Structure formats: C-alpha cells, structure tokens
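Single-letter residue listing:
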Amino acid sequence: IRVLANFISTSSGINAEYGGRGTLDNKNTVFGILEALEHYLSSGKQPKRDIYIVFGHDEEVMGLYGAKVVTAELKKRGVRFAFMMDEGCPVLKKGSFPGVNGPVGLICTAEKGFATMKLSIEHGGGHASAPPPNGGAITMLSNAIIALLNTPMPSLFGQGIEVSMFEHAAVSQSWFFRVLSSNLWLFSPILSFAMSLKDSTRAQIYTTFAFTKIEGGVKDNVLPNSASVTVNSRLLPGHTVDDVVAHVKKTIKNPEIKVEVIYSNEASAMSSTESEGYNAIHHTVKQIYPDAIVIPGLLIGGTDTKWYGELCDDVYRFVPSFLSSEDIKRFHGHDELITVKNFEQIVNFFHHFIENLERSFEAEFHDEL
C-alpha cells in the first residue's frame, strides 16, 4: 500500500519534510504537546492552574474505550473544566479564505454530528434473463441513493457558525468581500451559493450524505434477494438525527427499504467566541502566526469532544498546523508530510499556550467592524 511517495524528503534543514500515516492526523499534535511540556517543565516552571492532557487510542472508532471511559472517571471525581481544546481545524495558508490575503486560523467552536445508517431491502430475486420492471433489489436501492443525492436537506446558512465566521473575517477582507460578509441579511444567498461550489465549504452549510459501503448479489446471472448500502450522514448544528431519518424516509419514498441507524451522535452546541479559552487560543495563534487572522469555524469531522464536552461549557477544536487545502486532502490518505519548520511552530504554540493560561484574555481579541 502506497502511504508515502517519499518518507523523507531530499530537502534539508527547516524545510525538510518527514511523514508517515497519521502525521497530520494527529501525531504532529501529540508529539508537539509532549515536546512543549518537556521543555516547559525542564525549565523549572510549574503551571498555576490544573492542566489535564489526555491522548485517546480509539478516537477513529468512536472513543468507546478511551474518551468515553476517561470522561466517566472525571465526572465521578467531580472534575469540571474552564474550557477544552481538542484536535480540529488548522491555520490555513494564504488563498484559502475568500477575500483574505493571508493565512487564516480557524478555531472551531462546534462540530457536526453524525449518523451511520443502513438502508436495506429484501425483494424477490430470480434469473437475470427475466428482470422485473422495477429492476429488483439493487435497482430499487440505487434509486434511493440517487434520490438522496438529488434531494439535500435544506441549507441552514445564516443560522449557524458561518455568521460569526464571516463577521470576524470581514475586518481583514478586501472591500468587495467585506461588503458581502458585513451584510449577510442581504447577501446570504450569494455567499451560500459560493460555498456550495466546493466540497469542503459545501459541507459547512449542509447536512451531507456519503455512501460508503454497498452489498448485494453474488452471481453474474442472478438477481439478488437483498441489497444494502451504508450511509454516513454528517449533521449540521440545527439538524437532529431524527430529522435526518425523517428526511431519508420521505425522500426515498419506498416502504420496502428499511432505514436503520447503526450509531449516531448529535451535533455539538456552539461555544462562545468571547470566553477566556477562545481568546487564549486566539492570542497564541497570533504569537506564532502574526500574519494570520483568527476566526471561528465549524469542524465537519468528528473528535473525542463528543464525550469530553460533558465536562465543560466551552469546547474548541484547533491544531496549530500550517496547511493548504491540498495538504488537508492528505488526511487519511497518501503522503502525510510535515516540515521541520511547522513541527517547530506546533511545539512553540503549545509552549506559549501553557504560559498564556496564566493570563486573562477576556474578549481582548473580539473584532468589531
């Protein structure tokens, strides 16, 4: 399996690239935190506040034996946090955000929920030489897939985090985009249409459906008696799992197709952009990436905060990686690479972040038009 085209690059010094599976998700952060802690403690410093650091081993498979168990133990001990920061969005390189001529640090103040569903049908099979008018189980299930693709759930643009995101970004945008971002009451349809043109931004404003596994049929010349497809839906804050199931049933319009939720998690609540935690992260990003603007955003993936969120009111999702939109495509894929320079920035971020927890940043960095 090709994981890396070049495990170690031919570059040298701070521009050298190193990598392997998980480099960007999420070994860079794990080792960055550990390096920062080692350096901080070796200097003889001692934090004035309690800092809890947890590394789970099963986040990719729901965290049932990691984050869930840790959360239960901390709740039993009566631990409550001022805020929490988990993995999330990075600092995006120049050109990643419309109208902004520089890097953008995205502190995700919420994350989408998810529902993994199985759509299945049992229908009379038979010989392939005499198919029924409806095509049989596979055809009927395929029609359901096409119906869901062509009938998305309604966009909630203007009702979620994107409002705060554009308001914060407006002060750093070119005049044209500043006008749009500052007047969402008028220009929401334009911005919503623009965001729908790219996969990554469309997912910010829609509850999505992805078809990940399909089964049906074992012989070339036999119509199967059954077929099934696994659907992974990612829910916007504002849509519930019940909303998604109702939409699926209404859209496919076929009572023969059974809709079963395998596992699910509701979308998170939105955390404050005025809190001590948000502004501490904001301040630290500006220390490491002084040219970046910092704005709130929505994480379209999932994290262990689905469990840890029970322990505090404000949860933020951010990683201090410096990435382009092309780099992000490497997640869970080929050629996950990081430069020595960026790893140094990650370590530097966490070292400064620990120190900044001694300070107060109440609303210090809230941008006003």
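Refer to the structure printed above.
About the criteria used
Residues numbered from 1 in each chain as written. Predicted model: local features only at pLDDT ≥ 70, side-chain atom pairs only at ≥ 80, totals over all residues. Heavy atoms only, no water. Buried < 20%, exposed > 50% of the residue type's maximum accessible area, 1.4 Å probe, protein only. Helix = DSSP H or I, 4+ residues; strand = E, 2+ residues; numbered from the N terminus. Arc of directions from axis to C-beta. Contact = heavy atoms within 4.5 Å. Axes fitted to C-alpha atoms, helices over the stretch in contact; angles between N-to-C directions. Parallel < 35°, antiparallel > 145°, perpendicular 65-115°, else oblique. Pairing = 2+ DSSP bridges. Left-handed = near helix turned anticlockwise from the far one by under 90°. Nonpolar A, V, L, I, M, F, W, Y, C, P; charged D, E, K, R; others polar. Phe/Tyr/Trp six-rings, centres within 6.5 Å; stacked < 30°, edge-to-face > 60°. Core = buried A, V, L, I, M, F, W, Y, C linked by side-chain atoms within 4.5 Å.

Caption draft 1: Representation of helix α2 (residues 67–76) in the model. Looking at α2, one finds that the buried residues are A67, T71 and L74. Considered in projection along α2, the buried side chains sweep an arc of 65° and stay on one side of the axis. Of the surrounding elements, those touching the buried residues of α2 are α10 (305–308). Positive backbone phi, approximately 80°, marks G78, located one or two places after α2.

Caption draft 2: Molecular detail of the side chain of S228. Positionally, S228 belongs in strand β8 (residues 226–235). Under the relative-accessibility criterion, S228 is labelled buried at 10%. Those residues in contact with S228, other than ones at most four positions away along the chain, are K118, L119, S120, L141, K213, I214 and E215.

Caption draft 3: Main features of the packing of helix α5 (residues 175–182) against helix α6 (residues 184–195). Orientation of α5 relative to α6, taken along the N-to-C sense of each, is 115°, at an axis distance of 6 Å. Comparing their axes, α6 and α5 come out roughly perpendicular. Between α5 and α6, the contacting residues are V179, L180, S181 and S182 on the first element and L184, F187 and L191 on the second.

Caption draft 4: Region of interest: the pairing of strand β10 (residues 293–299). Along β10, 7 of the 7 residues are buried, which leaves the element largely enclosed by surrounding structure. Alignment of strand β3 (residues 104–111) against β10, held across 7 bridges, turns out to be parallel. Bridge pairing links G105 to V294 in β10.

Caption draft 5: Structural context of unusual backbone geometry. A cis geometry characterises the amide bond from D25 onward to N26, with omega recorded as 20°. Examined against the element boundaries, N26 turns out to sit in helix α1 (residues 23–42). Phi angles above zero are rare outside glycine, and K253 is one such case at about 50°.

Caption draft 6: Focus on the sheet that holds strand β9 (residues 257–265). The strand order across the open sheet formed by 4 strands is β6-β8-β4-β9, and the pairing between neighbours is antiparallel. Single-partner strands in this sheet number two, and they are β6 (208–215) and β9. With direction set aside, neighbouring strand axes in the sheet form an average angle of 20°. Across the face of the sheet, helix α3 (residues 137–150) comes into contact with β4 (113–122), β6, β8 and β9 while running at roughly 15° to β8. Together, β4, β6, β8 and β9 form the strand contacts of helix α8 (residues 241–252), whose direction differs from that of β9 by roughly 160°.

Caption draft 7: Representation of the packing of α3 against α8 in the model. Taken N-terminus to C-terminus, the directions of α3 and α8 make an angle of 120°; their axes are 9 Å apart at the nearest point. The way α3 lies across α8 gives a crossing that is right-handed. Here α3 contributes A144, A147 and L148 to the contact with α8, which in turn contributes H247, V248, T251 and I252. Considered class by class, the residues forming the contact of α3 with α8 number 5 nonpolar, 2 polar and no charged.

Caption draft 8: Broad picture of the packing of aromatic side chains. One pass over the structure, following the stated rule, counts 13 aromatic pairs. Taking the centre distance of 6.1 Å and the plane angle of 55° together, the rings of F157 and F166 count as tilted. Classification of F157 by relative accessible area gives buried; the value is 11%. Look at W175 and F176: their rings are 6.1 Å apart centre to centre, the planes differ by 85°, and that puts the pair in the edge-to-face class. Judged by relative accessible area, which is 44%, F176 ranks as partly exposed. An aromatic cluster is present here, built from F83, Y278, Y316, F318, F349, F350 and F353 joined pairwise through their rings.

Caption draft 9: Summary view of the nonpolar core. M117, L119 and V248 are the most contacted members of the largest nonpolar core, which totals 23 residues. Taken together, the elements giving at least two residues each to this core come down to β4, α3, β8, α8 and β9. Ranked by residues supplied to this core, first place goes to α3 with 6 residues. In this structure, L119 is in contact with L141, L148, A227, S228, V229, V231, V248, I257, K258 and V259, ignoring residues within four places of it in sequence.

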